[in-house]
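# Descriptive structure summary
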Amino acid sequence: MEDKRTSRKNHSGAKDVIQGREMKKQWETQCTQKTISLLSPLGTIQVSGCENGVHTIQILMDVAPAERSPERPLSCVVNDRPAETSPELQRCVDWLQAYFSEPRTAGSLPLPAFHHPTLQGDAFTSRTLRVLLRDVKFGETVSYKRLAEMAGNPRAVRAVGGAMRRNPVPLLIPCHRVISSSGQSGPYMRGKGNHLKQWLLTHERQRGAD
């Protein structure tokens, strides 16, 4: 027989998930989103957003990451874009292009506004992602445990992992810099993009040393 407390907890969790999906749907239907496609060293990256800010960044993993070579600088170029885009989307494109080709300049560029429900309010996920963005800089890494402490809940190590999986704007909010306490890189993009995480960490170590 199922424990009543467990049943209530599971019901509450399922209700939260449903409410979260409804909130996301309502949030996005209020916006006119446009998408810019870029060809990057990681393959195609799609940036979607509206006048209020960037909604999502998707790494499509359609090709193997490019090899780094000191003789051939990396590039990130626009492949497809709508006739008109918002200033926030353009800021995102500018930042991504700098991150791959001239990473030392990326830190001085303004970040776009974010307009995704996951990044609003003071829930643990949004708070953790904001702390990561603010405090873990280019070329640095942080453990899941340490990030939980920085976000105000030292016991929430598993919740930090969940927050990284729900990050709607990877690269801009650098969830690839969060690694395990053992020093292993840990999963990326639900385990499907572990090779991309290794590439990004190596890219930042090498370019940070230039």
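Within every chain, residues take consecutive numbers counted from 1 along the sequence as written. Owing to the predicted nature of the model, reporting of local features is limited to residues with pLDDT of at least 70; listing and counting of side-chain atom pairs is limited to 80 or more, with chain, interface and lining totals taken over all residues. Calculated side-chain values reflect all of the structure's heavy atoms, with hydrogen atoms and water omitted.

## A look at the overall build of the protein chain
Selection rule: Secondary structure elements are taken from DSSP: a helix is a run of H or I of four residues or more, a strand is a run of E of two residues or more, and numbering for both begins at the N terminus. Burial classes follow relative accessibility: with a 1.4 Å probe on protein chains only, a residue under 20% of its type's maximum area counts as buried, one over 50% as exposed, and anything between as partly exposed. The criterion used for residue contact is that any of the two residues' heavy atoms lie within 4.5 Å. Only the protein chains shown count as cover for residues, and the accessible areas themselves come from Shrake-Rupley with a 1.4 Å probe.
For the protein chain, the count of helices and strands is seven helices and six strands. When the helices and strands of the protein chain are read in sequence order from the N terminus, they spell out α-β-β-β-β-α-α-α-β-α-α-β-α. Burial status across the protein chain gives 40% buried among its 210 residues. Partitioning the intrachain contacts of the protein chain with sequence separation of at least 6 by distance along the chain shows that 63% fall at a separation of at least 24. Of the roughly 11,900 Å² of accessible surface on the protein chain, a fraction of 49% belongs to carbon and sulfur atoms.

## Let's talk about the sheet that holds strand 4 (residues 77–80)
The line we're drawing: Note: two strands are recorded as paired if DSSP finds a minimum of 2 bridges between them. Here an angle of 0 to 180 degrees is reported between the N-to-C directions of two axes, which are lines fitted to C-alpha atoms, with helices fitted over the stretch in contact.
In spatial order, the strands read 3-2-1-4; together these four strands make up an open sheet with antiparallel pairing. Every interior strand has two partners, whereas the edge strands, strand 3 (53–59) and strand 4, have only one. Shown here is a sheet whose adjacent strand axes are inclined to one another by a mean of 30°, direction ignored. In terms of strand pairing, strand 1 (residues 34–40) meets strand 4 through three bridges, oriented antiparallel. Considered in strand 4, the bridge of Ser37 is made with Asp80.

## Overview of the confidence of the model for the protein chain
Convention followed: For every residue, the predictor assigns a confidence score, pLDDT, that lies between 0 and 100.
Averaged over all residues, the pLDDT of the protein chain equals 87, while 84% of them reach at least 70. Here residues 4–17 scores under 50 on pLDDT; set against residues more than four positions off or in separate chains, the count is two contacts.

## Digging into the pairing of strand 1
The sheet contact formed by strand 1 and strand 2 (residues 43–50) spans seven bridges and is antiparallel. From the neighbouring strand, Leu39 faces strand 2, where its bridge partner is Thr44. In textbook terms, the turn of a hairpin is the stretch between consecutive antiparallel strands, and for strand 1 and strand 2 this stretch comprises two residues.

## Side note on the layout of surface pockets
To locate leftover empty space, one rolls a probe as large as a water molecule over the atoms. What counts, and what does not: Only protein atoms enter the 1 Å grid, on which a cavity is a set of points fitting a 1.4 Å probe that cannot get out and a pocket is an open set with protein on both sides within 12 Å along at least 5 of 7 lines, lining residues being those with an atom within 4 Å of a point. Grid points are joined across faces, edges and corners, and a volume is the space filled by probe spheres set on the points. Note on residue categories: nonpolar means Ala, Val, Leu, Ile, Met, Phe, Trp, Tyr, Cys or Pro, charged means Asp, Glu, Lys or Arg, and polar means any other residue, Gly included. How far each domain reaches was decided by an automatic or database domain assignment.
By volume, the second largest pocket is sized at about 280 Å³. Around the second largest pocket, the lining comprises 15 residues; the ones closest to its centre are Trp95, Gly107, Lys137, Phe138 and Arg177. Taken together, the residues that form the lining of the second largest pocket break down as 11 nonpolar, one polar and three charged. Three or more residues apiece are contributed to the lining of the second largest pocket by two domains, here domain 1 (32–115) and domain 2 (117–209).

## Some points on the packing of aromatic side chains
We count it as follows: Aromatic pairing here means that ring centres of Phe, Tyr or Trp (its six-membered ring) are within 6.5 Å. Orientation follows from the plane angle: under 30 degrees is stacked, over 60 is edge-to-face, and everything else is tilted.
In total, this model carries four aromatic pairs according to the counting rule given. Where Trp95 meets Tyr99, the ring centres are 5.3 Å apart and the plane angle is 10°; that geometry is what we call stacked. With a gap of four residues between them, Trp95 and Tyr99 both fall in helix 2 (residues 87–101), about one helical turn apart. For Trp95, a relative accessible area of 8% corresponds to the buried category. Seen in terms of ring centroids, Phe100 and Trp199 are 6.2 Å apart; in terms of plane orientation they differ by 50°. Their pairing is tilted. With a gap of 99 residues between them, Phe100 in helix 2 and Trp199 in helix 7 (residues 194–209) connect regions that are remote in the sequence.

## A word on the pattern of salt bridges
This is how the line gets drawn: Salt bridges are identified by distance alone: a Lys or Arg side-chain nitrogen within 4 Å of an Asp or Glu carboxyl oxygen.
A full pass over the atoms with the stated rule returns six salt bridges. Arg127 is paired through a salt bridge with Asp122; the nearest N and O atoms lie 3.7 Å apart. Salt bridges sharing common partners tie together Asp122, Arg127 and Arg130.

## Here's the deal with the side chain of Ser126
The cut-off we apply is this: Within 3.5 Å is the distance limit for a polar contact, defined as a pair of N or O atoms, with the added protein rule that one can donate a hydrogen and the other accept it, and that residues adjacent in sequence qualify only through two side-chain atoms.
Locating Ser126 in the fold gives a position in helix 4 (residues 124–135). Judged by its relative accessible area of 0%, Ser126 falls in the buried class. Reaching out from Ser126, the side chain makes a polar contact with the backbone oxygen of Gln120 at a distance of 3.5 Å. With residues up to four places along the chain from it excluded, the contact list for Ser126 reads Thr118, Leu119, Gln120 and Gly121.

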